[in-house]
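So the chains spell out like this:
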Amino acid sequence: MTTEAKPIVTTAGASTVRRKTVGDRQKTAERLLRSSAERAYDGEIDIDWDAPIEPGKHWMPEHRQSLYGTALWGKLTPEQRAELGMHELVSVLSFGIFAEAGLSTMLLRTVLDSEQLVDDHTRYALAEIGEETRHSTMFGRLVNLTGLRPYLLPKNGRKLGRLAAFIPLGPSAYAGTLLIEEILDRLQREAMNDPDLQPHVRQLMKIHVLEEARHITYAREELVRAIEARGKASNAFHRLVFAVMVLGVYPVLINPRVYRSVGIDPLHGLLAAFTSPNFRVNATFAGEPLLRFAHEVGMLDGAVTRRLYRMSRSVPQDILDDLDRRAAA
């Protein structure tokens with residue numbers, strides 16, 4: 001079996017051919033398995049859950065909170081801002097548990113569809129499932145530490161999540177995986193060294209960032225391979241599915257019920273958050289690494305998807321300008 005890196009030619013765009021080089025699948029899996037064995041963490045023992053909460057420390061950076069910069073934010077006391085930050089963190093962690101359960105479902109389907117079953121690629125999928133379950137239990141421990149109840153998705157949202165198990169494995173599945181992993185990774189990389197955050201939060205973020213780096217490598221390479229393996233019509237379908245995911249992910253990260261913790265009506269808080277100029281700042285910051293990669297491999301192409309990305313307010317302006325230029329050419 002060759003171990004030489006191969007250039008993957010993607011044809012997702014109507015008039016653009018882009019190349020991304022990915023390594024041999026089995027060699028990548030072998031490397032990731034070795035990293036998983038050498039740099040494995042367990043939130044149950046690698047975080048001191050018995051350590052007390054430090055007074056005056058925040059739960060998330062203030063400038064990443066949903067109401068930051070709004071008129072409602074100006075009316076909150078420092079104590080209320082800290083309280084809201086704790087609730088928003090719990091909302092994100094609750095969503096993360098749901099999202100990682102969905103990711104594990106996709107990885108299990110990868111195992112079930114495997115024609116090798118005992119090769120390194122399949123073993124890495126199983127290893128990643130183990131890491132994702134440890135991440136979810138770690139998220140749950142931190143929620144418990146706050147003393148708050150988790151923020152559950154609405155019943156209809158959970159039903160839609162179950163329907164995701166029927167989406168054909170392909171570019172949108174891997175791109176959707178990256179959407180969750182890279183958004184959290186981007187935010188956590190910024191926050192994990194913030195001395196103003198609770199030590200439990202910082203340690204959780206460090207563990208998650210170190211292990212998610214492997215997951216991102218795996219999913220990015222699989223995304224490129226999946227695009228190459230499909231024709232124009234199939235890739236167009238997967239691009240549309242991914243655009244809908246991008247449009248919907250930011251609204252579900254912060255459950256509107258968090259605003260009740262500081263006496264704000266959920267609908268009022270939701271409208272303030274999504275009409276704030278800071279929404280685009282945070283959405284672009286969180287999604288930029290992934291969306292630049294997605295643009296490179298053609299996942300942002302198409303007239304309909306381009307409109308959806310504009311609506312999401314998460315795509316850097318230079319990428320939108322490039323999409324418009326190529327559409328007009």
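Report follows, based on the coordinates. As the structure is a computational prediction, the values presented were derived from the model and not from experiment. (Residues numbered from 1 in each chain as written. Predicted model: local features only at pLDDT ≥ 70, side-chain atom pairs only at ≥ 80, totals over all residues. Heavy atoms only, no water.)

Between its first and last C-alpha, helix 1 (residues 25-38) extends 20 Å over 14 residues, near the 20 Å set by a 1.5 Å rise per residue. Among the residues of helix 1, those classed as buried are Gln26, Thr28, Ala29, Leu32, Ser35 and Ser36. In this structure, the buried residues of helix 1 make contact with helix 5 (120-146) and helix 8 (199-228). Backbone nitrogen of Gln26 and a side-chain oxygen of the N-cap are separated by 3.1 Å at the start of helix 1; the cap is Asp24. (Helix = DSSP H or I, 4+ residues; strand = E, 2+ residues; numbered from the N terminus. Expected span 1.5 Å × (residues − 1). Buried < 20%, exposed > 50% of the residue type's maximum accessible area, 1.4 Å probe, protein only. Contact = heavy atoms within 4.5 Å. Polar contact = N/O pair within 3.5 Å; in protein donor to acceptor, adjacent residues only side chain to side chain.)

Before going further, it helps to spend a moment on the packing of helix 4 (residues 78-113) against helix 5. Axis separation between helix 4 and helix 5 bottoms out at 9 Å; the angle between their running directions is 160 degrees. Taken together, helix 4 and helix 5 sit at an angle that is classed as roughly antiparallel. As for the relative orientation of helix 4 and helix 5, their crossing is left-handed in sense. (Axes fitted to C-alpha atoms, helices over the stretch in contact; angles between N-to-C directions. Parallel < 35°, antiparallel > 145°, perpendicular 65-115°, else oblique. Left-handed = near helix turned anticlockwise from the far one by under 90°.)

As a further point, take unusual backbone geometry. If you check the backbone angles, Leu117 has positive phi at about 70 degrees while not being a glycine. Tracing the backbone shows Leu117 in the loop between helix 4 and helix 5. Notably, Arg313 is not glycine yet its phi reads approximately 55 degrees, a positive angle. Along the chain, Arg313 turns up in the loop between helix 12 (303-312) and helix 13 (317-328). Among the residues examined, Arg313 registers a relative accessible area of 24% and is labelled partly exposed.

Attention shifts here to the environment of Ser312. In this structure, Ser312 sits in helix 12. C-alpha separation for the pair Ser312 and Gly248, spaced 64 residues apart in sequence, amounts to 7.9 Å. A distance of 2.7 Å separates a polar atom in the side chain of Ser312 from a polar atom in the side chain of Ser314.

If charged atoms from side chains of opposite charge come close, those side chains can pair. Evaluation of the coordinates by the stated rule reveals 19 salt bridges. As a salt-bridge pair, Glu190 and Arg64 come within 2.9 Å of each other at their nearest N and O atoms. With Glu190 in helix 7 (residues 171-191) and Arg64 in the loop between helix 2 (43-46) and helix 3 (71-75), this residue pair connects regions lying 126 residues apart in the sequence. For Glu190, a relative accessible area of 28% translates into the label partly exposed. With its nearest N and O atoms 2.8 Å apart, the salt bridge here joins Arg292 to Glu288. Of this pair, Arg292 and Glu288 both sit in helix 11 (residues 277-296), 4 residues apart, which is roughly one turn of the helix. Within the structure, one salt-bridge network assembled from shared partners comprises Arg25, Glu221, Glu222 and Arg225. (Salt bridge = Lys/Arg side-chain N within 4 Å of Asp/Glu carboxyl O.)

Looking at the secondary structure, you find His215 in helix 8. Overall, His215 belongs to the buried group, its relative accessible area being 0%. Spatially, the C-alpha atom of His215 lies 7.1 Å from that of Glu128, the residues being 87 residues apart in sequence. Filtering out sequence-adjacent residues up to four positions away, His215 remains in contact with Tyr124, Glu128, Glu131, Glu132, His135 and Glu181.

One pass over the full model with this rule turns up 5 aromatic pairs. Pairing Tyr68 with Trp73 gives two aromatic rings, centres 5.6 Å apart and planes at 65 degrees, and the pair type is edge-to-face. Counting every residue linked through ring pairs, the aromatic cluster contains Tyr250, Phe274 and Phe279. One residue, Arg64, lies across the ring of Phe285, its end atom 3.8 Å from the ring centre. Between the NZ or CZ atom of Arg220 and the centre of the ring of Phe293, over which it lies, the distance is 4.3 Å. (Phe/Tyr/Trp six-rings, centres within 6.5 Å; stacked < 30°, edge-to-face > 60°. Lys NZ or Arg CZ within 6 Å of the ring centre and 35° of its normal.)

Quick look at the packing of helix 1 against helix 8 now. It is the contact of helix 1 with helix 8, at a shortest axis distance of 10 Å, that shows an interaxial angle of 170 degrees. It follows from the interaxial angle that helix 1 and helix 8 lie roughly antiparallel. For the pair helix 1 and helix 8, the contacting residues are Arg25, Thr28, Arg31, Leu32, Ser35 and Ser36 in the first and Arg214, Thr217, Tyr218, Glu221, Glu222 and Arg225 in the second. When its residues are assigned to classes, the contact of helix 1 with helix 8 shows 2 nonpolar, 4 polar and 6 charged. (Nonpolar A, V, L, I, M, F, W, Y, C, P; charged D, E, K, R; others polar.)

Here we take up the side chain of Asn282. Along the polypeptide, Asn282 turns up in helix 11. Apart from residues no more than four positions distant in its own chain, Asn282 is found in contact with His63, Arg64 and Gln65.

With respect to the secondary-structure elements, Phe285 resides in helix 11. In this structure the C-alpha to C-alpha distance between Phe285 and Glu296, which are 11 residues apart in sequence, comes to 18 Å. When residues no more than four places from it in sequence are discounted, the contact partners of Phe285 are Arg64, Arg186, Leu187 and Glu190.

In short, shape yes, function no, at least from these values alone.
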